[in-house]
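# An overview of the molecular structure
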Amino acid sequence: MCSPHSPGHPPPSVPDREEVRDWRGRRYSVGPSARTLTGVPRSVVLARALVAAAAVGVLQFGYGAAVPTLVAAHGWSPAAALLPFLVWTLVQGACAPALHRLGRRRELRAGALIQTGALLCAAALVVLGASSGLAAAVLGYGVLGGAGAGLVYHSCTDLVGGWFPDRRTVRSGAVGGAFALGSVPLLPAIAAGTSPASLPWACASLAALVLVLGVAGGAGQRSAPPRWWPPGAPDPRAVALRRGADPPPATDFTHAQAWTAGGSLPLLHAVVALSGAGGLFVLAALPVLLVEGGHPPTAVAPAIAAFAAGSGLGRLAAGAAAERTGRRRILALLLGAAALALTGLAVSTSAGPPAAAVLLALAAGAGTGSCYPLTRAITEGHFGSRWTAGIHGLVYSSKAVGGLVGVGGAALLLATAPPAAWPTGLVGAGALCGVAALLAALLRRPLPVRTTPAPHGVWTPPRRRAPM
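Read on for an overview of the structure.

How each quantity is defined
Counting of residues starts from 1 at the beginning of each chain's written sequence and follows it residue by residue. Two thresholds apply to this predicted model, a pLDDT of at least 70 for residue-level local features and 80 or more for giving and counting side-chain atom pairs, whereas whole-chain, interface and lining totals are computed over all residues. Hydrogens and water molecules were not included; the side-chain quantities draw on all heavy atoms of the structure. Strands are runs of DSSP state E lasting at least 2 residues, helices are runs of H or I lasting at least 4, and numbering of each runs from the N terminus. Exposure categories follow from relative accessible area, calculated using a 1.4 Å probe and restricted to protein chains: below 20% of the type maximum is buried, above 50% is exposed, and the middle band is partly exposed. The contact criterion used throughout is that any non-hydrogen atoms of two residues lie within 4.5 Å. Note on areas: these come from Shrake-Rupley sampling with a 1.4 Å probe, and a residue is covered only by the protein chains present in the view. Two strands qualify as a pair provided DSSP detects at least 2 bridges between them. Centres within 6.5 Å are what make two rings of Phe, Tyr or Trp a pair, Trp counting through its six-membered ring; a difference in plane orientation under 30 degrees is then read as stacked, over 60 as edge-to-face, and the rest as tilted. Should the NZ of a Lys or the CZ of an Arg lie within 6 Å of a ring centre and within 35 degrees of the ring normal, that charge is described as sitting over the ring. Multiplying 1.5 Å by the residue count of a helix minus one yields the expected span of that helix. Across the chain, bend at a residue is computed as the angle between axes fitted to the seven residues ending at that point and the seven starting from it.

For the rest of this paragraph, the subject is the overall build of the protein chain. Secondary structure summary: the protein chain contains 22 helices and five strands in total. With 468 residues in all, the protein chain has 53% of them scored as buried. Pairs at least 24 apart in sequence give 82% of the contacts found in the protein chain among residues at least 6 apart. For the protein chain, the accessible area works out to roughly 18700 Å², and carbon and sulfur atoms hold 66% of it.

Sheet topology note: the strand S1 (residues 18-21)/strand S2 (residues 27-30) ladder contains four bridges and is antiparallel. By the bridge assignment for S2, Glu-18 is matched with Val-30.

What follows deals with the packing of aromatic side chains. Enumeration according to the criterion identifies 10 aromatic pairs in this entry. When the centroid spacing of 5.7 Å and the interplanar angle of 85° are considered together, the rings of Phe-253 and Phe-383 count as edge-to-face. Taken together, the residues span a long stretch of sequence, with Phe-253 in the loop between helix H13 (236-241) and helix H14 (255-260) and Phe-383 in helix H19 (residues 371-383) at a distance of 130 residues. The same class applies to Phe-253 and to Phe-383, which are both buried. Taken together, the ring pairs in this structure connect Phe-61, Tyr-153, Phe-179, Tyr-372 and Tyr-396 into an aromatic cluster. When the ring centre of Tyr-372 is taken as reference, the NZ or CZ atom of Lys-399 above it lies at 5.6 Å.

Another aspect to go through is the environment of Leu-438. Among the structural elements, Leu-438 can be located in helix H22 (residues 424-441). Leu-438 gets classed as exposed once you look at its relative accessible area, which sits at 60%. Residues Leu-438 and Gly-336 lie 102 residues apart in sequence; the distance between their C-alpha atoms is 8.2 Å.

So, on to helix H9 (residues 134-163). Taking 1.5 Å as the rise per residue, H9 with 30 residues should run 44 Å; its terminal C-alpha atoms sit 41 Å apart, in good agreement. Of all the bends in H9, the greatest measures close to 30° and is centred on Gly-145. Of all 30 residues that make up H9, 21 are buried, and the element is covered over most of its length.

Strands sit in the order S1-S2-S3 across an open sheet of three strands; the sheet is mixed. Across the chains shown, the open sheet's two edge strands, defined by having one partner strand only, are S1 and strand S3 (228-229). Where S2 lies against S3, two bridges are found, and the strand directions are parallel. The partner of Ser-29 across the bridge, within S3, is Trp-228.

Laid out in structure tokens, this is it:
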């Protein structure tokens, strides 16, 4: 008798997919399982993506804490030391649409993109520690590091969103949470500072850690098939009918239709840009402001770590809370809380106990960090799931504008204003978050009234809106 794997028996075939449609006509491909397609369950795919995202998050959340060390080691001014981070934010935010387009064409696997991004991030850290030239740091850390972090973050977000269509909001928020929380164990050591002579060694060690974790996180990662739905999960047709805090999307909008369907998409761009500016200003300027305000390094490190921890926990908790309360309401509430926290933080930098700065930094981080997963969830809720990744890539690219305003504003403030006026920058960052909260409260889900295509041309929804 032939064995099951002998030439007399064909290899086991992949189970056929079941194509289903929901009440709006959206198609889903149920099965095969993730283990059948990739060799590992979805939990392993998620765990690897979280490891990779956590590895590269230190390039964003740790740079501001390293500014005093860079000033001492390279002889830069605090404003000049922020220039590599400014370019980093521009590249990391702006590359989202291009990376999504590359992923849709299937030219490179998600695992290869993640590992390439980790290699670029490691190279950026080596350049930052070894070169005292500002131009080299801008090109190495800003361009290479920004592109590498963008490759890892956006690839992991799209990867997890594809494999978890049934819990996309919560799981995508977990990627953002890992991106922020991964730096928390390292921030006390970064904020404590190192001697100028040991900076190259410290950056090289951190680069090795980022490279190892990033390569491990990208190993074997493959994107889910288009419109894939996990077998064993709730029926997608039932999910489309399920009532919750937010109604299901009316239809799947293309990019062009999303722009013309009322003002939701422009408002999302503005919310990401404004909240990103507030959060990135804090990352860039808070360590310098605390040191100038007379706080010792033992008090600076907890405040910086609290901001990163709040950003990570806010991203994790916002998705779960939004499923019960509503995405728009939670986003407006958290951004409003961040505005108040940043105003209080401006006072605590020069007066008040260190514990107050830690608590306020925690609240500010939770508010500004939650913006990214919640705007992605709102994008899906407004425009459907089929083109969510591409449309949100456009929305996320507004982070580049936020980096220009937030980090560029911090550099300008440190270069031109007297130290006594530096805390007013935190008040300005709080005002930006307050405006973002007001704009978030104005978001409304587009409601197309036509249910059949127009006789001529491409159907476009009218400018009518319905409450969320």
